[in-house]
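Close look at the chain arrangement
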Amino acid sequence: MKTSAKCLVSIAVLLMSGCAQVGVQPWQRGNLARQEMAWTPDALRAGFGDHVLFSKEGSTGGVNAGGGGCGCN
Amino acid sequence: MKQNVSTQIVLALAILLSWSPGFAAQVGEPAPTFSLPALASNMENVALGDFKDRVIYLDFWASWCAPCRQSLPLLNAMRGDFERDDFEVVAINLDTDPALGRRFLKHYPVDYPVASDPQGKVAASYQLPNMPTAYIIDRTGKIAQVHNGFRPSDMPGIRSEVTTLIGGGRPHED
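A brief structural summary. Quick caveat, the model's predicted, so the values are computed rather than measured.

**Looking at the nonpolar core**
All names here are of chain B. Counting 44 residues, the largest nonpolar core has Tyr57, Leu58, Phe60, Tyr135, Ile136 and Ile137 as its most contacted members. Where this core is concerned, the elements lending two or more residues are strand E3 (55-61), helix H2 (68-79), strand E4 (87-93), strand E5 (114-116), helix H4 (121-126), strand E6 (133-137), strand E7 (143-148) and helix H5 (155-166). Among the elements that make up this core, the one with the highest residue count is E3 (6 residues). Beyond its immediate chain neighbours, meaning those up to four positions away, leucine 58 contacts Ala31, Val90, Ala134, Tyr135 and Ile137.

This is how it looks when you write it as structure tokens:
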């Protein structure tokens with residue numbers, strides 16, 4: 001392998017490593033936990049909607065978990 | 001051949017250098033030390049070293065963490081049941097804006113020292129797996145238990161662990 005190719009591969013590996021840790025850590029979820037970030041802003045209304053779906057159409061599940069993106073508990 | 005070996009070494013080094021995993025604080029290991037500004041207490045700084053020879057319940061919390069609304073009052077009540085020389089609750093608030101943590105404490109006041117870690121440096125050194133997470137640290141400064149999440153029904157278990165550790169403790173379950 002030529003020296004220039006070696007350098008190119010090394011630089012590419014180093015640059016790609018910038019994407020190695022893009023996950024939001026548990027302690028960084030303050031913004032995700034905001035109410036406006038929730039899939040369903042009104043949990044009560046969402047629960048009611050789920051109940052209607054379950055009762056009338058026999059479908060349940062496949063919706064979101066409660067709360068926003070806090071991921072707590 | 002020589003060139004191939006050097007290429008492999010360069011690539012291996014590049015990959016190794018780029019791989020920077022966080023190592024979570026584990027049971028049986030010494031708890032990572034810290035010194036942080038106090039969020040709301042009569043102390044200027046809160047350092048883990050200030051509570052040497054005591055069993056410590058190190059609680060990481062934030063105002064946006066819903067279970068913390070239950071944990072703080074319960075921990076504060078538990079703290080009152082033990083001698084100060086034996087046990088202390090030390091809390092680290094992880095709000096990026098400490099004012100949010102202070103506002104939370106007005107609603108849920110506590111008597112134990114609360115530090116502020118807005119940049120999450122200490123949280124990163126412990127590599128918290130979840131929010132909230134608490135570490136029960138024995139008198140020698142080693143982590144005796146990692147407590148993920150919080151439910152009020154966890155309290156008897158926490159109290160029992162603390163009581164055991166205060167009374168001399170049992171060997172770590174590595």
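**With respect to the sheet that holds E3 of chain B**
All names here are of chain B. Taking strand neighbours across the sheet as the criterion, the 5 strands line up as E5-E4-E3-E6-E7 in an open arrangement whose pairing is mixed. The open sheet terminates on both sides in strands that have one partner only, identified here as E5 and E7. For this sheet, the mean inter-axis angle between neighbouring strands, taken without regard to orientation, is 20 degrees. In this sheet, E7 lies alongside E6 in antiparallel orientation, the contact comprising 5 bridges. Bridge pairing links alanine 134 to histidine 147 in E7.

**Side note on unusual backbone geometry**
All names here are of chain B. Cis rather than trans, the peptide bond between methionine 131 and proline 132 has omega equal to -5 degrees. For proline 132, the position within the fold is in the loop between H4 and E6. The phi angle at aspartate 53 is positive, at roughly 65 degrees, despite the residue not being glycine. Counting through the fold element by element, aspartate 53 comes out in the loop between strand E2 (45-47) and E3. The class of aspartate 53 is exposed, set by 9 C-beta atoms lying within 10 Å. One non-glycine residue, glutamine 127, lies in positive phi territory at about 50 degrees. Residue placement: glutamine 127 occurs in the loop between H4 and E6.

**Remarks on the pairing of E3 of chain B**
Residue and element names in this part refer to chain B. Along E3, 7 of the 7 residues are buried, which leaves the element largely enclosed by surrounding structure. What you see with E3 is no split at all: Val55, Tyr57, Asp59 and Trp61 on one side and Ile56, Leu58 and Phe60 on the other are buried throughout. When E3 meets E4, the two strands line up parallel, connected through 7 bridges. When the bridges of E4 are listed, phenylalanine 60 appears paired with isoleucine 92.

**Quick word on the environment of arginine 34 of chain A**
Tracing the backbone shows arginine 34 of chain A in the loop between helix H1 (3-16) and helix H2 (43-57). A tally of 13 C-beta atoms within 10 Å means that arginine 34 of chain A is categorised as partly exposed.

How each quantity is defined
- Note that residues are indexed from 1 along each chain, following the sequence as it is written.
- Chains carry letters from A onward and ligands carry numbers from 1 onward, assigned in written order.
- Confidence filtering applies because this is a predicted model: local features only for residues at pLDDT of at least 70, side-chain atom pairs given and counted only at 80 or more, and all residues used for totals across whole chains, interfaces and linings.
- As used here, a nonpolar core is made of buried Ala, Val, Leu, Ile, Met, Phe, Trp, Tyr and Cys residues. They are joined through C-beta atoms within 7 Å.
- The exposure scheme places C-beta atoms from the backbone and then counts, for each residue, the other C-beta atoms within 10 Å of its own, assigning buried at 20 or more, exposed at 12 or fewer, and partly exposed in between.
- Strands are runs of DSSP state E lasting at least two residues, helices are runs of H or I lasting at least four, and both sets are numbered from the N terminus onward.
- By definition, residues are in contact whenever their C-beta atoms, placed on the basis of the backbone, come within 7 Å of each other.
- Paired strands, in this sense, are two strands between which DSSP finds at least two bridges.
- Every axis in this analysis is a line fitted to C-alpha atoms, fitted for helices over the stretch in contact. Angles between the N-to-C directions lie between 0 and 180 degrees.

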